[in-house]
Number of protein chains: 2
Amino acid sequence: MSQKLFVSAQEVAEKAGVSRSAVSRTFTSGASVSPKTRQKVLDAAEALGYHVNHLARGLMRNESGIVCLIVSEIGTPYRSSLIRALTQQLQNSGKVAMLINTDRSDGSVDLALRQAIRYRADASIILSGLPDKSITDLCLKNGQRLVLINRDDDREGPLRINLDDEEAAARIATAFVRAGCKRLAFANSEAGTPSLMARERGFIAAAATLGMDVVVGRYGHTGYEAGRIVAQQLLTLKERPDAVFCATDLLACGFMDAARHQFSMSIPDQICVAGFDDIEQASWSSYQLTTFAQPVDTIAREAVSWLVEDGAALESRSVRLHADLVWRTSIRGG
Amino acid sequence: MSQKLFVSAQEVAEKAGVSRSAVSRTFTSGASVSPKTRQKVLDAAEALGYHVNHLARGLMRNESGIVCLIVSEIGTPYRSSLIRALTQQLQNSGKVAMLINTDRSDGSVDLALRQAIRYRADASIILSGLPDKSITDLCLKNGQRLVLINRDDDREGPLRINLDDEEAAARIATAFVRAGCKRLAFANSEAGTPSLMARERGFIAAAATLGMDVVVGRYGHTGYEAGRIVAQQLLTLKERPDAVFCATDLLACGFMDAARHQFSMSIPDQICVAGFDDIEQASWSSYQLTTFAQPVDTIAREAVSWLVEDGAALESRSVRLHADLVWRTSIRGG
DNA sequence: CTCGCTTTTGCAAGCGTGTGCAAATGCTGC
DNA sequence: GCAGCATTTGCACACGCTTGCAAAAGCGAG
């Protein structure tokens with residue numbers, strides 16, 4: 001199409017009767033412009049519908065203002081609430097979020113990071129999978145910052161944010177014991193994510209300290225349906241558990257529904273249930289799930305403030321946050 | 001910092017012993033390069049870790065490859081599943097999604113569109129609020145395409161995707177009557193969104209045709225908690241309803257929980273419930289909600305295919321999709 | 001080998017910005 | 001009015017890329 005599309009600083013300059021640099025400086029904070037010309041420029045810009053081209057600006061400044069969010073299972077309650085918090089924080093800091101969905105193949109996190117590099121993203125925040133060492137090196141070499149949330153903890157360079165999964169697992173184990181539970185179980189998926197496995201290990205270890213065994217059920221990938229299936233595995237055992245710690249709230253919801261509707265069990269009288277994440281559904285009156293709250297706002301704040309801070313971003317940093325236990329009625333006592 | 005950051009096409013050209021244009025052409029599909037030089041370039045690029053700068057490319061081509069998703073309440077099940085589908089489709093078409101959260105102020109949709117213009121987004125998809133006419137004009141004038149999903153339907157220029165809300169409302173009304181229900185109710189929020197109001201109007205109109213009245217309850221903004229409150233309004237009436245159509249599934253979940261746990265009612269024996277959206281929770285065994293399924297994948301496909309299609313994008317277009325009724329057990333019979 | 005044709009290649013202009021540098025302007029105090 | 005200074009302004013180059021254009025190279029036929 002032959003029509004003139006965007007209006008450039010040049011045109012604004014002409015209309016305002018100033019030089020193009022004056023226009024540029026008007027829209028660059030901290031630049032030297034007299035109030036008079038500044039106003040002339042602003043008027044002309046408004047009249048013409050001018051908007052600074054962030055593509056060109058990013059090209060010049062070597063700083064695009066873009067932050068990539070690399071995430072799978074976007075539709076999941078916990079993930080989407082984290083995305084909400086992150087976009088919020090990013091926008092507060094003048095950044096903008098580029099969302100990359102990695103639900104498909106397995107190398108898709110690497111592909112996503114490549115995309116991030118192409119758009120010269122200032123940083124990438126990874127909520128899913130774990131990228132190749134070679135790619136992360138490429139990112140770092142390209143001056144891109146990396147944040148790993150609830151991912152592996154032995155990585156060089158980036159910021160790693162994790163929760164105190166083991167400590168939480170230990171707390172819930174003692175809570176079960178205090179509630180008089182005798183046969184502990186752990187419900188997990190087969191995803192093998194670091195944080196899920198940390199909860200499993202922590203729970204087993206804590207139980208051992210208290211002189212108890214844990215029976216573990218795992219199935220599929222981390223969601224409601226898997227919770228149901230694991231419930232079927234665990235509740236048909238000869239020694240039926242009377243307490244189960246589910247690796248996530250979604251698993252817990254599936255587990256509770258199966259326990260109640262398929263096995264006609266009463267919670268917490270016949271079995272105590274705990275979860276992790278504190279998704280919205282955990283507070284619904286059908287579940288009233290006792291669970292650990294992911295501090296999503298703190299996570300987001302921590303991540304974003306590290307991204308925008310200009311000093312010493314190359315040294316790797318590890319943040320361990322605390323997950324508060326939210327007491328509801330799926331465990332006796334409390 | 002003085003270190004060299006990104007590697008440019010120039011450097012790749014030198015290493016490969018060809019001109020810069022050869023490098024450019026190698027990474028531009030449909031350009032004329034001999035297989036021999038092409039391979040030389042690819043090798044050099046791989047060795048140096050080169051990635052095309054999409055900022056610069058977008059600047060030249062006047063086409064950034066960026067599509068803005070403008071959305072509020074990102075953490076909500078329906079919204080997040082739509083985001084999932086949209087990012088998926090966009091990536092399939094070689095586009096990338098920029099996610100803008102408009103949870104905060106009321107003019108934030110306009111702000112978001114401004115941001116979209118700054119990054120020269122090829123298009124914006126709006127899932128929340130409704131932008132100022134002046135801004136949408138600006139977008140269109142700037143060659144940006146606009147998609148409105150479940151928004152107002154009398155807009156010029158953009159693609160509008162809506163569901164057949166009235167028809168769905170009519171279908172559920174007859175379903176209630178067929179189940180023998182006598183006193184119909186509608187549960188809504190106070191958001192006043194076009195689609196919510198269309199469902200309300202449609203339901204009332206259909207009921208009138210069948211010679212029945214509808215009592216309407218509205219509260220707060222569209223979510224679980226509002227559903228509970230509306231249940232308290234409606235179930236304490238002298239003439240307690242025996243059928244309720246909830247404007248969304250979240251409202252329905254809240255309504256069902258209140259009906260069961262606060263009013264000890266049995267569903268569907270004492271009251272039939274229907275929802276809209278078919279979020280994941282609707283299929284959970286605690287709810288088993290009969291509801292209309294938002295065809296999120298179709299919506300996403302429709303939106304994205306219109307965006308990438310190069311012909312005739314300026315004429316405005318309106319698509320009305322059908323919402324299938326998913327029968328579960330929250331209505332008698334079926 | 002030469003001619004005519006197609007494919008490949010390099011040159012250079014341009015996309016819309018930011019910014020260092022030097023010239024110009026404004027202001028203060030004599 | 002003028003020197004001395006701080007502030008503002010314009011010029012011109014750079015950022016990394018695409019692409020039209022013309023020159024160069026390849027290629028088959030005579």
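Refer to the structure printed above.
### Overview of the protein's contact with DNA strand D
- In the region of DNA strand D, 26 residues are neighbours, and Thr37 of chain A together with Ala9, Ser24, Tyr50 and Arg57 of chain B sit closest.
- When the atoms of DNA strand D within 4 Å of the protein are grouped by moiety, sugar and phosphate amount to 54% of the total.
- Interatomic distance of 3.1 Å between a side-chain N/O atom of Ser32 of chain A and a phosphate oxygen of DNA strand D.
- Take Arg57 of chain B: an N or O atom from its side chain is 2.5 Å from a phosphate oxygen of DNA strand D.
- Elements with a contribution of two residues or more to the surface near DNA strand D: α2 (20-26) and α4 (54-61) of chain A together with α2 (20-26) and α4 (54-61) of chain B.

### Notes on the environment of Met256 of chain A
Residues and elements named next belong to chain A.
- Tracing the sequence through the fold places Met256 in helix α11 (residues 249-262).
- Spatially, the C-alpha atom of Met256 lies 28 Å from that of Asp297, the residues being 41 residues apart in sequence.
- Other than its neighbours up to four places away in sequence, Met256 contacts Ile267, Val273, Tyr287, Leu289 and Ser330.

### Focus on the interface of chain B and chain A
- Counting residues at the interface gives 58 residues for chain B and 59 residues for chain A.
- Counting across the interface, chain B meets chain A through zero salt bridges.
- Inspection of the chain B/chain A interface yields 30 residue pairs in polar contact (both at pLDDT 80 or more).
- Sort the elements by how many residues they give to the side of chain B that touches chain A and helix α5 (residues 77-92) of chain B lands first, with nine residues.
- Counted by class, the side of chain B that touches chain A contains 25 nonpolar, 23 polar and ten charged residues.

### Description of the sheet that holds strand β7 (residues 214-218) of chain B
Residue and element names in this part refer to chain B.
- Taken in spatial order, the six strands line up as β7-β6-β8-β9-β10-β12 in an open sheet, and their pairing is mixed. Each having just a single partner strand, β7 and β12 (324-326) make up the two edges of the open sheet. With direction set aside, neighbouring strand axes in the sheet form an average angle of 20°.
- Taken together, the three bridges between strand β8 (residues 243-246) and strand β9 (residues 272-277) define a ladder with parallel strand orientation. Within β9, the position partnered with Phe245 by the bridge is Ala274.
- Running over the sheet, helix α9 (residues 194-209) touches β6 (184-188), β7, β8 and β9 and is turned about 175° from β6.
- Contacts between helix α10 (residues 224-235) and the sheet are confined to β6, β7 and β8, with β7 contributing the most and set at about 140° to the helix.

### Overview of the pattern of salt bridges
- According to the stated counting rule, one finds 19 salt bridges over all chains in the structure shown.
- A salt bridge links Arg218 of chain B to Glu200 of chain B; the nearest nitrogen and oxygen atoms lie 2.6 Å apart. Of the two residues, Arg218 of chain B is situated in strand β7 and Glu200 of chain B in helix α9; the sequence distance between them amounts to 18 residues.
- For Arg218 of chain B, a relative accessible area of 38% translates into the label partly exposed.
- Relative accessible area serves as the criterion here: at 6%, Glu200 of chain B is assigned to the buried category.
- For Arg228 of chain B, the salt bridge identified is with Glu225 of chain B, shortest N-O distance 3.9 Å. Remark: Glu225 of chain B and Arg228 of chain B occur in helix α10; sequence separation between them is three residues, near one turn of the helix.
- You can call Arg228 of chain B buried: its relative accessible area is 18%.
- In this structure Glu225 of chain B comes out as partly exposed when scored by relative accessible area, which is 49%.
- Three or more residues are tied together by salt bridges with common partners; here these are Glu63, Lys95 and Asp122 of chain A.

### A short note on the layout of surface pockets
- Space inside the largest pocket adds up to approximately 1100 Å³.
- Every residue lining the largest pocket is counted, 40 residues in all, and those nearest its centre are Leu111, Arg114, Gln115 and Arg118 of chain A together with His54 of chain B.
- At the level of elements, β2 (96-101), α6 (108-118) and α7 (133-141) of chain A together with α3 (35-48), α4 and α5 of chain B are the ones that each hand at least two residues to the lining of the largest pocket.
- Considering each element in turn, the lining of the largest pocket owes the most residues, six residues, to α6 of chain A.
- A class-by-class count of the residues in the lining of the largest pocket yields 14 nonpolar, 17 polar and nine charged.

Cut-offs and rules
- Residues numbered from 1 in each chain as written.
- Chains lettered and ligands numbered in written order.
- Predicted model: local features only at pLDDT ≥ 70, side-chain atom pairs only at ≥ 80, totals over all residues.
- Heavy atoms only, no water.
- Near = heavy atom within 4 Å.
- Polar contact = N/O pair within 3.5 Å; in protein donor to acceptor, adjacent residues only side chain to side chain.
- Helix = DSSP H or I, 4+ residues; strand = E, 2+ residues; numbered from the N terminus.
- Contact = heavy atoms within 4.5 Å.
- Salt bridge = Lys/Arg side-chain N within 4 Å of Asp/Glu carboxyl O.
- Nonpolar A, V, L, I, M, F, W, Y, C, P; charged D, E, K, R; others polar.
- Pairing = 2+ DSSP bridges.
- Axes fitted to C-alpha atoms, helices over the stretch in contact; angles between N-to-C directions.
- Buried < 20%, exposed > 50% of the residue type's maximum accessible area, 1.4 Å probe, protein only.
- 1 Å grid on protein atoms, 1.4 Å probe; cavity = no way out; pocket = protein on both sides within 12 Å on 5 of 7 lines; lining within 4 Å.
- Points joined across faces, edges and corners; volume = space filled by probe spheres on them.

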